[in-house]
Amino acid sequence: MLSQRGYQGMVDGGNNIMEANWESVSSILQVGGTIIGSARCKAFRTREGRLKAAHNLVQLGITNLCVIGGDGSLTGANIFRGEWSMLLEELARDGKISKEDVQKYGHLNIVGMVGSIDNDFCGTDMTIGTDSALHRIIEVVDAIMTTAQSHQRTFVLEVMGRHCGYLALVSALACGADWVFLPESPPEEGWQETMCIKLSENRARKKRLNIIIVCEGAIDTQNKPITSEQIRELVVKQLGYDTRVTILGHVQRGGTPSAFDRILASRMGVEAVVALLQATPETPACVVSLNGNQAVRLPLMECVQMTQGVQKAMDERRFSNAVQLRGRSFEGNLSIYKQLAIKKPDSQITKSGFNVAVINVGAPAAGMNAAVRSAVRVGISEGHKMFAIYDGFEGFAKGQIKEIGWSDVGGWTGQGGSILGTKRILPGKYLEDIAAQIRTHSINALLIIGGFEGYLGLLELSAARGKHEEFCVPMVMVPATVSNNVPGSDFSIGADTALNTITDTCDRIKQSASGTKRRVFIIETMGGYCGYLANMGALAAGADAAYIFEEPFDIRDLQSNVEHLTEKMKTCIQRGLVIRNENCNENYTTDFIYQLYSEEGKGVFDCRKNVLGHMQQGGAPSPFDRNFGTKISARAMQWITGKLKEAQGKGRKFVNDDSVCVLGICQRNLLFQPVAELKEKTDFEHRIPKEQWWLKLRPLMKILAKYKASYEVSDMSQLEHVHTGPEEPAAI
C-alpha cells in the first residue's frame, strides 16, 4: 500500500491510500522526487489527526509502516506507534471499529528510512538523496568555474542546509573552495579580515577565481546569520573584486537520482521490509542506516535524540560539541578541508627533512587528480618535500620526477583522467633504474594511486627489497580504477564516476525505446573479469539481466532470460535492458548474445547492442570520487608521516610487511592491509579479489527484475546502537 502525500494521505484516507503492484512502481527508478508525493501535515501533529490515520489504516488491515523522511517524520511515526493501542481503544469505544479489530491489529510496527538531501540525521553515513544533491551542486560549481576563470571573478555560492552544513562542507572539499561557512563551525572573531587576506593571497598566487561556499543556515559565534549578500559586500568593499552571488535553491532537490542513491535506496528498501517482517511487539521502532558499506538497524529514537542534540549544542553555542555529534565522518571532512584549503605560512611548518613521491599507475580513473592534490597538500602541511612522478613506473625509471608545490595542484579536484600521466607498465624490468632514481632524489616514501597494475607493482617492489635496499621505505597504495578490482578495498576511486556514466547512458537508451516499444538493448561494460560495473549498473539502471564472470552461465540461462523478456513484453513495460561484462564469457560474446536474442525474440521484440567502451574512464569525477580520493589519499599521507616519524633518528630500514600496504574501505572501517597478506586473497589469473562484497547484491538485482531469488539482508539483522567506537570510520 502507498500513502499519497505522506501523513496527509493517511489522515485523509480513501483514494489517498492505494494498493501498489509491480507495474505501478516500474520505470520510476530514474525519476527524481517522489511519485507518491510528500507534504508537511499539521493534522498528524494532533491527536485527532492521528486518530483518523489509525482508523484509515485499520480499515485496510495495515499494521506495518515504512516511513521515508527526515527526523520530524520519523519522530511523528514513533509517537503514532506509542499511541497506537490507545487510539484503537478510543475508536472501538466510538463504535468505529470492533473489539476483534483491536485484538487483531493491536500492534503497529514502524521502520524508518532517512530521505533528506541535507544528510542531517545522526546514525547513518549517508541519507537517501544527499549524493544526488551533491551532483547538482558540483555540476553548477564546475560550470561557474569556467566563467569565473575567464573573467577573474569571485563567486559566492549558497547551498541548502538550514541546520546542517554537510552539503556545503563536502562540496567545498570537492571543488577546493577558498572558504566555507557552516552552522556547526562558525568562523572565529575577526573572520572578515582573515578571509580577505586568504582571497588576496590566492590571487597573488595567480589563481584566477575564488569560490566561497555558504550554507543557508550559516551563523557567526554569536548565532547571528551570515548571508551571501553580506559576504559579497565585504569582498567588494575590502578587496574591490568583481563578486557575484549564486543561490542554488531548489535545483539541489531536483534532477535524476545518482547511481549511489539508487543503489542505497534499493538496499535500504529491502532491509526495511525484512525488518518489518521480523518485528515483534517488543521490537523498538528502528531506522535502517548505512555504516561504512554495511546496512544496519538502529533504534529510531536514539538517532532522533542525537540529531536534536546537534541543534541544541548549536543553540547553546557549544560548536565543537555540535561537530562531534555530527559524527566522525563530518569531523574528518572539516579537518581535511582546513588542511587542504588554507596553506600555513612556511615559518609555521616544521620541516621534516623527508621526500615523498606520488605516482599514478594503470588506466586513468576519474578522481586520481583529486587524490594527488590531497596527497601533495597534506604532505607539504606535514613538512615533507613532495615529488610527482610522471608517466607511471616507466617515467620513474627515466627520471621524470619533479618537485611539486601547493599551487601546482590548485584546481585539480574537478579534472578527469590523470594529469601526472599513467601507464600499465610494471616496474619488474626497471628495478635497477627505479632504485637509482630513489637514490638520486633521496625518496623516503612512495604513494601509489592506481589500479591492479599498481597493486602488482607494489608486490614487485616489495619482493625486490632483498636486492635493492632503496625499496626499504614505507609504500602505500590507494586503489583507483573503474573496474573496482583491487584486493583490500570495497571501493576504488573512479568506479562511482564510471557507474554514473553507465546509469546515465542506460537511462537515455531506455528512453529511446519508449516510443518504439518491444525493444531489448544489450549493453557491454568494462571491468576486465570483475563484474562490479555490470552488476551495480544493472541494479542502478533497472536491468533485466547482468552477465558476469563471477557467476558462470550457460545456454539454458540465456534461454530462460529470453523467455522472461518475452513474458515481460505482454505487460505494459515493453522494453528490456541486458548488461554484459566485457570478459564474462569468452564464447558468449556481446555479438553472440545479441544474435541469440534477435533470433529467439523474432516477432516478439527486436534487439540493439551498445558497447560503452572508454567513455567509462572519462568525464569529470563524481562528488563521491572527488571526496573519496581526497579523504583516502590524505589518510595515506598521514600513515606515511607516522611511519617516517616512528623511525626518525633510529636509522633503521623498513623491511617489515606492515610498511607495504593497500589502504581501503573494508565493510565499516578504513584499513591498511599489508600486500603480503592480500596475496592469499587474490585471483591473479583473472585480476580480481577471491571474495567480493557486491556479489551479495546479485539476488537483489534478480528480485527487482522479477526473478525468483533468495536475498540475505543486513550483516547484522539485530538492532545495534549508534556506533562511537575507536575504529577508524569508513564513511565517505
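Residues numbered from 1 in each chain as written. Predicted model: local features only at pLDDT ≥ 70, side-chain atom pairs only at ≥ 80, totals over all residues. Heavy atoms only, no water.

### Observations concerning the overall build of the protein
Item 1. A tally of helices and strands in the protein yields 23 helices and 23 strands.
Item 2. Here the protein has a C-alpha radius of gyration of 27 Å; the compact-globule value for 732 residues is 27 Å, and the two agree.
Item 3. Counting only C-alpha atoms and orienting by the principal axes, one finds that the protein spans roughly 90 × 70 × 50 Å.
Item 4. When each of the 732 residues of the protein is scored for burial, the buried share is 58%.
Item 5. In the protein, which carries 80 positive and 80 negative side-chain charges, the distance between the mean positions of the two groups comes to 4 Å. (Helix = DSSP H or I, 4+ residues; strand = E, 2+ residues; numbered from the N terminus. Rg over C-alpha atoms; globule rule 2.2 N^0.38 Å. Buried < 20%, exposed > 50% of the residue type's maximum accessible area, 1.4 Å probe, protein only. Lys, Arg positive; Asp, Glu negative; His and termini not counted. Charge placed at Lys NZ, Arg CZ, Asp CG, Glu CD.)

### Notes on the environment of I359
Item 1. On the secondary structure map, I359 appears in strand β11 (residues 355-361).
Item 2. Placed 42 residues apart in sequence, I359 and I401 show a C-alpha to C-alpha distance of 9.5 Å.
Item 3. Those residues in contact with I359 that lie beyond four places of it in its chain are I389, G392, F393, F396, L446, L447, I448 and I449. (Contact = heavy atoms within 4.5 Å.)

### Some remarks on unusual backbone geometry
Item 1. With a phi angle near 60 degrees, R317 is a residue other than glycine that sits in the positive phi range.
Item 2. Within the secondary structure layout, R317 lies in the loop between α10 (300-315) and α11 (319-326).
Item 3. In this model, K706 sits at a positive phi of 75 degrees, which is unusual for a non-glycine residue.
Item 4. Inspection of the secondary structure puts K706 in the segment after α23 (698-704).

### Looking at the packing of aromatic side chains
Item 1. This model, assessed by the stated rule, comprises 18 aromatic pairs.
Item 2. Seen from their ring centres, F260 and F624 are 5.5 Å apart, and the 35 degrees between their planes marks the pair as tilted. Of this pair, F260 sits in helix α9 (residues 259-278) while F624 sits in helix α21 (residues 623-647), and the two are 364 residues apart along the sequence. The exposure classification of F260 matches that of F624, with both residues buried. (Phe/Tyr/Trp six-rings, centres within 6.5 Å; stacked < 30°, edge-to-face > 60°.)

### Considerations on the sheet that holds strand β3 (residues 64-69)
Item 1. Read from one edge to the other, the open sheet built from four strands follows the order β3-β4-β9-β10, with strand pairing classed as mixed. A single partner strand is all that each edge strand has here, and the edge strands are β3 and β10 (294-299). If you compare each strand with its neighbour and ignore which way they point, the axes differ by 30 degrees on average.
Item 2. As paired elements, strand β9 (residues 286-291) and β10 share six bridges and run antiparallel to each other. The residue bridging S289 from the neighbouring strand is V296, located in β10. (Pairing = 2+ DSSP bridges. Axes fitted to C-alpha atoms, helices over the stretch in contact; angles between N-to-C directions.)

### Things to note about the state of the cysteines
Item 1. Tallying each qualifying case throughout the model produces zero disulfides.
Item 2. C215 provides the cysteine sulfur closest to C175, a residue in no disulfide bond, and the two sulfurs are 14 Å apart.
Item 3. With a relative accessible area of 4%, C175 lands in the buried category.
Item 4. Unpaired in this structure, C196 has its nearest cysteine sulfur neighbour in C175, at a distance of 19 Å.
Item 5. You can call C196 buried: its relative accessible area is 6%. (Disulfide = S-S within 2.5 Å.)

### Describing the sheet that holds strand β20 (residues 660-666)
Item 1. What the seven strands build is an open sheet, ordered β13-β12-β11-β14-β15-β20-β21; its pairing is mixed. Since the sheet does not close on itself, it has two edges, and those belong to β13 (401-403) and β21 (669-674), each with one partner. Neighbour-to-neighbour, the strand axes of this sheet turn through a mean angle of 25 degrees, independent of strand direction.
Item 2. Pairing between strand β12 (residues 385-389) and β13: three bridges, direction antiparallel.

### Some remarks on α11
Item 1. Those residues of α11 not exposed but buried are F319, A322, V323 and R326. Buried positions in α11, seen along its axis, are confined to an arc of 100 degrees and lie on one side of it.
Item 2. Residues of α11 that are buried make contact with α10 and α12 (328-341).
Item 3. Immediately downstream of α11, the backbone of G327 shows phi near 115 degrees, a positive value. (Arc of directions from axis to C-beta.)

### Things to note about the nonpolar core
Item 1. Judged by nonpolar contacts, the single largest core of 122 residues is most densely connected at I211, I213, L447, I449, Y532 and I640.
Item 2. Of all the elements, α21 adds the most residues to this core, at 10 residues.
Item 3. Beyond its immediate chain neighbours, meaning those up to four positions away, I213 contacts L157, V159, A168, S171, A172, C175, A177, W179, V180 and F181.
Item 4. I17, V58, L65 and F80 belong to the second-largest nonpolar core, a separate cluster that totals 35 residues. (Core = buried A, V, L, I, M, F, W, Y, C linked by side-chain atoms within 4.5 Å.)

### Brief notes about the pattern of salt bridges
Item 1. Under the defined criterion, the tally for this structure stands at 30 salt bridges.
Item 2. The residue R318 makes a salt bridge to E316 at a minimum N-O spacing of 2.8 Å.
Item 3. Put simply, R153, D242 and R244 are held in one network by salt bridges that share partners. (Salt bridge = Lys/Arg side-chain N within 4 Å of Asp/Glu carboxyl O.)

### Comments concerning α21
Item 1. Over its 25 residues, α21 runs 37 Å from end to end, which matches the ideal 36 Å to within 8%, given 1.5 Å per residue.
Item 2. Of all 25 residues making up α21, 20 are buried, and the element is well covered by its neighbours. (Expected span 1.5 Å × (residues − 1).)

### A short note on the packing of α10 against α11
Item 1. In contact at an axis separation of 8 Å, α10 and α11 are set at 160 degrees when each is read in the N-to-C sense. Judged by the inter-axis angle, α10 sits roughly antiparallel to α11. You can see that α10 and α11 cross each other, and the crossing is left-handed. In this structure, α10 contributes M306, G309, V310, A313 and M314 to the contact, and α11 contributes F319, N321, A322, L325 and R326. (Parallel < 35°, antiparallel > 145°, perpendicular 65-115°, else oblique. Left-handed = near helix turned anticlockwise from the far one by under 90°.)

### Things to note about a positive patch on the surface
Item 1. The grouping of R40, K42, R45, R162 and R253 at the surface amounts to a positive patch.
Item 2. Along the chain, R253 falls in the loop between β8 (243-247) and α9.
Item 3. The exposure class of R253 is partly exposed, given its relative accessible area of 46%. (Patch = residues over 30% accessible without salt bridge, like charges linked within 9 Å, V, L, I, M, F, W, Y side chains within 5 Å. Areas by Shrake-Rupley, 256 points an atom, 1.4 Å probe, with all protein chains shown as cover.)

### Brief notes about the side chain of T154
Item 1. Positionally, T154 belongs in strand β5 (residues 154-159).
Item 2. Of the polar contacts made by the side chain of T154, one reaches the side chain of R203; its length is 3.3 Å.
Item 3. In contact with T154, other than residues within four places in its own chain, are R203, N210, I212, V235, Y241, D242, T243 and R244. (Polar contact = N/O pair within 3.5 Å; in protein donor to acceptor, adjacent residues only side chain to side chain.)

### Details of the environment of E600
Item 1. With respect to the secondary-structure elements, E600 resides in helix α20 (residues 590-600).
Item 2. The exposure class assigned to E600 is partly exposed, which follows from its relative accessible area of 37%.
Item 3. For the pair formed by E600 and E563, sequence separation is 37 residues and the distance between their alpha carbons is 8.7 Å.
Item 4. If we ignore the near neighbours within four places in the chain, the residues touching E600 are Q559 and V562.

### A word on the domain arrangement of the protein
Item 1. Assigned domains of the protein: these are domain 1 (2-127 + 257-310), domain 2 (130-250), domain 3 (355-487 + 625-683) and domain 4 (495-617).
Item 2. The distance between the C-alpha centroids of domain 2 and domain 3 comes to 32 Å.
Item 3. Contacts between the two partners involve eight residues from domain 2 and, on the opposite side, seven residues from domain 3.
Item 4. Where domain 2 abuts domain 3, roughly 660 Å² becomes buried across the two surfaces, and 47% of that area is made up of carbon and sulfur atoms.
Item 5. The three residues of domain 2 that bury the most area against domain 3 are L173, A174 and R205, which together make up 60% of that side's buried surface.
Item 6. Where domain 2 packs against domain 3, one counts one salt bridge.
Item 7. The residue D142 makes a salt bridge to R626 at a minimum N-O spacing of 2.7 Å.
Item 8. At the junction of domain 2 and domain 3, the tally comes to two residue pairs in polar contact (both at pLDDT 80 or more).
Item 9. Listed by contribution, the elements that provide at least two residues to the side of domain 2 that touches domain 3 are α5 (130-151) and α6 (166-175).
Item 10. Element by element, the count of residues in the side of domain 2 that touches domain 3 is highest for α6, at four residues.
Item 11. Residues belonging to the side of domain 2 that touches domain 3 are distributed by class as follows: five nonpolar, one polar and two charged. (Domains from an automatic or database assignment. Buried area = accessible area lost by both parts, 1.4 Å probe. Nonpolar A, V, L, I, M, F, W, Y, C, P; charged D, E, K, R; others polar.)

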